[in-house]
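# A closer look at the structure
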Amino acid sequence: MFIDIANLKKSYRTGEVVTEVLKGIGMKLDKGEIGVILGPSGSGKSTLMNILGGIDRGDSGQVLVDGIEINQLNDGKLTDYRRGDIGFVFQFYNLVPNLTVGENIEVVSNISKSPLNTDEVLAAVGMQDKKHRFPRELSGGEQQRVSIARAIVKNPKLLLCDEPTGALDYDTSRSILQLLQQVNKKYGTTILMITHNAAIAAMANRVFRLRSGEIVEETVNQTVVPAE
Ligand code: ADP
Ligand code: ADP
């Protein structure tokens, strides 16, 4: 089991008010699978992803990623985990505007021990011709391709995507989905995605529906074959 979460709880305190955002989450995802988290705004999706990504911590429960209990890591080890093992893809790309496409990726590859390099990942996302362009010179879909290249150049074990097609039109969303499937197959990367998009959910191996901090439904899609 690659991700194995059990009874994960998380509350936020604002002044005197304590809000329980995750109320005992349990979820599992195998290596090479694509998982999707569905759920209304405020249901805890981002909080769950942030804990898995080492940006935030749970209050209690188990969060095993590739056999490592990340809830128990000290701050330094959690930073190593976040920098080394996790790739992030965001809805609004988060590219550095005054760096070229190639430089945006080199910022990550230069501090990574990964065997992958900038040219290889740009080719993998079909953006090798745009290496010397700036983000503002690219369409939304192209910027998302670059942000996926930047996420995969460190060869992460886990790719966390927060509404990766949320700002894109239908056809572009399709091509980004196909690209994520190719990454999953080519590198065996386990992928977990937040989405509102039914088509993304249909391509996942497992779909987790979150409501008010609880997983209320899990669907296993038998027709989707996990990556090796
Ligand atoms: P979703 O991603 O499903 O929209 P979130 O995980 O962002 O949900 O938020 C779940 C709940 O936790 C919301 O009610 C939100 O206001 C609250 N919340 C999230 N982050 C914080 C924080 N840092 N401090 C206080 N409350 C927060
Ligand atoms: P949203 O993210 O709000 O669903 P989108 O523009 O991504 O908006 O999608 C609009 C509609 O098209 C939705 O009903 C969605 O399920 C569908 N859709 C989006 N992308 C695809 C796709 N790649 N294949 C099939 N249907 C899609």
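Higher on the page you've got the structure.
What comes next is a walk through the structure. Model, not experiment: these values are computed from the prediction.

### Comments concerning the layout of surface pockets
By volume, the largest pocket amounts to about 570 Å³. Taken together, 20 residues line the largest pocket, and the ones lying closest to its centre are R83, G84, V108, I111 and K154. Elements with a minimum of two residues in the lining of the largest pocket: α2 (75-85), β6 (86-89), α3 (101-109) and α5 (140-152). Residues of the lining of the largest pocket, tallied by class, amount to eight nonpolar, six polar and six charged.

### Considering the packing of α5 against helix α6 (residues 170-187)
Relative to each other, α5 and α6 sit at 15°, their axes nearing to 10 Å. Our classification of the angle between α5 and α6 gives roughly parallel. Handedness of the α5/α6 crossing: right-handed. On α6, the residues touching G141, Q144, R145, I148 and I152 of α5 are T172, S175, I176, L179, L180, V183 and Y187.

### Focus: the site of ligand 2
Taken together, L168, Y170, S173, R174, L177, H196, N197, A198 and A199 make up all the residues around ligand 2. Within the side chain of Y170, an N or O atom sits 3.4 Å from a nitrogen atom of ligand 2. Contacts to ligand 2 include N197, whose side-chain N or O atom sits 3.1 Å from a nitrogen atom. Taking 530 Å² as the accessible area of ligand 2 by itself, protein coverage stands at 56%. If you list the elements that add at least two residues to the shell around ligand 2, you get α6 and α7 (198-203). The residue inventory of the shell around ligand 2, partitioned by class, reads five nonpolar, three polar and one charged.

### Some points on the packing of aromatic side chains
Within the structure shown, the criterion is met by one aromatic pair. With a centroid separation of 5.9 Å and an interplanar angle of 10°, the aromatic rings of F88 and F90 are classed as stacked. Overall, F88 belongs to the buried group, its relative accessible area being 19%. Sitting over the face of the ring of F134, R136 holds its NZ or CZ atom 5.1 Å from the ring centroid.

Conventions adopted
Within each chain, residues carry numbers counting from 1 in the order of the written sequence. To read the labels, note that chains go from A and ligands from 1, taken in the order they are written. Local features in this predicted model are restricted to residues whose pLDDT is 70 or higher, and side-chain atom pairs enter the listing and the counts only when it is 80 or higher, whereas totals over whole chains, interfaces and linings include all residues. To get the side-chain values, all heavy atoms of the structure are used, and hydrogens and water are removed first. In the cavity and pocket records, a cavity denotes points on a 1 Å grid over the protein atoms alone where a 1.4 Å probe fits but cannot get out, a pocket denotes an open set with protein on both sides within 12 Å along at least 5 of 7 lines, and lining residues are residues with an atom within 4 Å of a point. Grid points are joined across faces, edges and corners, and a volume is the space filled by probe spheres set on the points. The helix count covers DSSP runs of H or I at least four residues long, the strand count covers runs of E at least two residues long, and both are numbered beginning at the N terminus. Each residue receives one of three labels: charged for Asp, Glu, Lys and Arg, nonpolar for Ala, Val, Leu, Ile, Met, Phe, Trp, Tyr, Cys and Pro, and polar for the others, Gly being one of them. All axes are obtained by fitting lines to C-alpha atoms, using only the stretch in contact for helices, and the reported angles, taken between N-to-C directions, cover 0 to 180 degrees. When describing relative orientation, an angle under 35 degrees is termed roughly parallel and one over 145 degrees roughly antiparallel, while 65 to 115 degrees is termed roughly perpendicular and anything else oblique. A crossing counts as left-handed when the near helix is turned anticlockwise from the far one by less than a right angle, and as right-handed when that turn is clockwise. Contacts are residue-level and defined by heavy atoms, with any inter-residue pair within 4.5 Å sufficient. Neighbouring residues are identified by heavy atoms, a residue being near a molecule or strand if any of them is within 4 Å of it. Polar contacts here mean pairs of N or O atoms no more than 3.5 Å apart (in protein, one a potential hydrogen donor and the other a potential acceptor; neighbouring residues in sequence count only if both atoms are side-chain atoms). Note that accessible areas follow from Shrake-Rupley with a 1.4 Å probe, and for residues the cover is restricted to the protein chains shown. Ring pairs are drawn from Phe, Tyr and Trp, using the six-membered ring of Trp, whenever the two centres fall within 6.5 Å, and their geometry is named by plane angle: stacked under 30 degrees, edge-to-face over 60, tilted for the rest. Buried, partly exposed and exposed residues are distinguished by accessible area as a fraction of the type maximum, computed with a 1.4 Å probe on protein chains only: under 20%, between the cut-offs, and over 50%, respectively. By the criterion adopted, a ring carries a charge over it if an Arg CZ or a Lys NZ lies within 6 Å of its centre and within 35 degrees of its normal.

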